[in-house]
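Chain by chain, the residues run as shown.
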Amino acid sequence: MIRWFRRKKEDAPAQEPPVEREEAAEVPEGEEEPAGRDAVEMCEGERGRETAETDAPAGQGELEEAPSGETMESAGEIPEESAEEAEKGAQRGRFFSRLRERLHRSRERLADRVDRLVLGKKIIDADVMDDLEEILITSDLGVQATQLLLERVSDRVKRKELQDPGRLREALREEIARILSVDAPPFDPAAAKPFVIMVIGVNGVGKTTTIGKLAHRIKASGLSPLLVAGDTFRAAAIEQLERWGERIDVPVIRQKSGADPSAVAFDALDAAQARKADVVIVDTAGRMHTKVNLMEELKKVHRVIQKKMPTAPHEILLVLDATTGQNAISQARLFREAMNITGLILTKLDGTAKGGVIVPICHELKLPVRFIGIGEGMDDLRPFDPREFAEALL
């Protein structure tokens, strides 16, 4: 029986031990290498070629078919126009930084107070609007412009476009930019030859200095300006303009002190045509002799210029001193009643906290601001950009 049991056990099929995957992949000695290895090497070669094709630069086929004169280096060059645009953008950035710095007193008076007003507030309610009204009026924005801004902000709140008090400053900035964006033709000194600019304003606003900076800017643009010393009554006004002419190398047409300003303007137009000047800038009196009315004298100069050139003057620019605040609005009203003013120049914005006065001037008189003065430097007379100014102010 034992013998039978042992025979049964020997006859039973032996169970094969489990084969691990790694051992199954090994090739026993003496056997031929499986044909699959060649296939693996072939696949690896194909995979390498695919990787090489994938890593190849995109568009390599197009480069091979490109004209022989075009190379990879030339294709990667920065266009000259893009470089110029980048430089202009950098200049705008530098000017904006300087503008924001020079307007710091006006910004402290307006923007910082608005920030303090909404600090910790959760809604824009009637109390916030009352305090905002006081801030705007005391920042020289005037009653009319303040009421307009409050109405527009209230409408936004009612339409639920403005609910977060933290966005109040942003909303005011947008509305102020809209008010400052007066619809008017662009300032283009190349539109006529000679292009006649008549500069007016009371004494002390920086009129003669502004004329010198404006002439410098026009000359830098490639045009040839000519200055006219038409302020013949103010002491040393002619000499001051002559010094500016020497400083920027621009000719000045003058007569003796006390001469008729209209006669000086008439002679200057003859000289401009003879010298083929591109732009004529006429300085005018800001205060006349006690027996002569200022506005009537300005009208006379205007008539004489038109008699010589029917389409001139092409621009009548009123210079205002920002430091005078609301008084600048009164000056603008008086000059506009007498003259057909085409634009404004606001000076001394860097030395005042009353820069907000520019808002009511644009709102009430609908006159565009052509230039602003933000310093004593030659290049500190800059073209006015409504949105840029609003961002610097707020």
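Here is what the cut-offs are and how they apply
- Residues numbered from 1 in each chain as written.
- Predicted model: local features only at pLDDT ≥ 70, side-chain atom pairs only at ≥ 80, totals over all residues.
- Heavy atoms only, no water.
- Helix = DSSP H or I, 4+ residues; strand = E, 2+ residues; numbered from the N terminus.
- Buried < 20%, exposed > 50% of the residue type's maximum accessible area, 1.4 Å probe, protein only.
- Contact = heavy atoms within 4.5 Å.
- Areas by Shrake-Rupley, 256 points an atom, 1.4 Å probe, with all protein chains shown as cover.
- Pairing = 2+ DSSP bridges.
- Axes fitted to C-alpha atoms, helices over the stretch in contact; angles between N-to-C directions.
- Expected span 1.5 Å × (residues − 1).

(A) Summary view of the overall build of the protein. Secondary structure summary: the protein contains 17 helices and eight strands in total. Relative to its full complement of 394 residues, the protein shows a buried share of 41%. Expressed as a percentage of contacts within the protein between residues at least 6 apart in sequence, the contacts between residues at least 24 apart total 77%. As displayed, the protein has an accessible area near 22,800 Å², and 49% of this comes from carbon and sulfur atoms.

(B) Region of interest: the sheet that holds strand β7 (residues 369-373). The strand order β3-β2-β4-β1-β5-β6-β7-β8 describes an open sheet built from eight strands, whose pairing is mixed. Looking at strand neighbours, the two that pair on one side only are β3 (252-253) and β8 (381-383), the edges of this open sheet. In the sheet, strand β1 (residues 195-200) pairs with strand β5 (residues 315-321) via four bridges, with the strands oriented parallel. Looking at β5, one finds that Ile 200 is bridged to Leu 318. Contacting β1, β2 (225-229), β4 (279-283), β5, β6 (343-347), β7 and β8, helix α11 (residues 207-220) crosses the sheet at an angle of about 175 degrees to β4.

(C) Focus on helix α9 (residues 143-158). Spanning 16 residues, α9 covers 22 Å between terminal C-alpha atoms, matching the ideal 22 Å at 1.5 Å per step. Ala 145, Thr 146, Leu 148, Leu 149, Leu 150, Val 153 and Arg 156 are the residues of α9 that are buried. On its buried face, α9 is in contact with α8 (126-141), α10 (168-180) and α16 (358-365). Among the residues trailing α9, Lys 160 stands out with phi positive, at a value near 60 degrees.

(D) Seen up close, the side chain of Ser 106. One can find Ser 106 in helix α7 (residues 104-118). You can call Ser 106 buried: its relative accessible area is 2%. In this structure Ser 106 touches Thr 352, Ala 353, Lys 354, Gly 355 and Leu 393, once residues within four positions along its chain are discounted.

(E) Looking closely at the environment of Leu 103. Here Leu 103 shows up in the loop between α6 (80-102) and α7. Residue Leu 103 is classed as buried on the basis of its relative accessible area, which comes to 0%. In sequence terms Leu 103 and Ala 392 are 289 residues apart; their C-alpha atoms lie 7.0 Å from each other. For Leu 103, the contacting residues outside a window of four places in its chain are Leu 349, Phe 389, Ala 392 and Leu 393.

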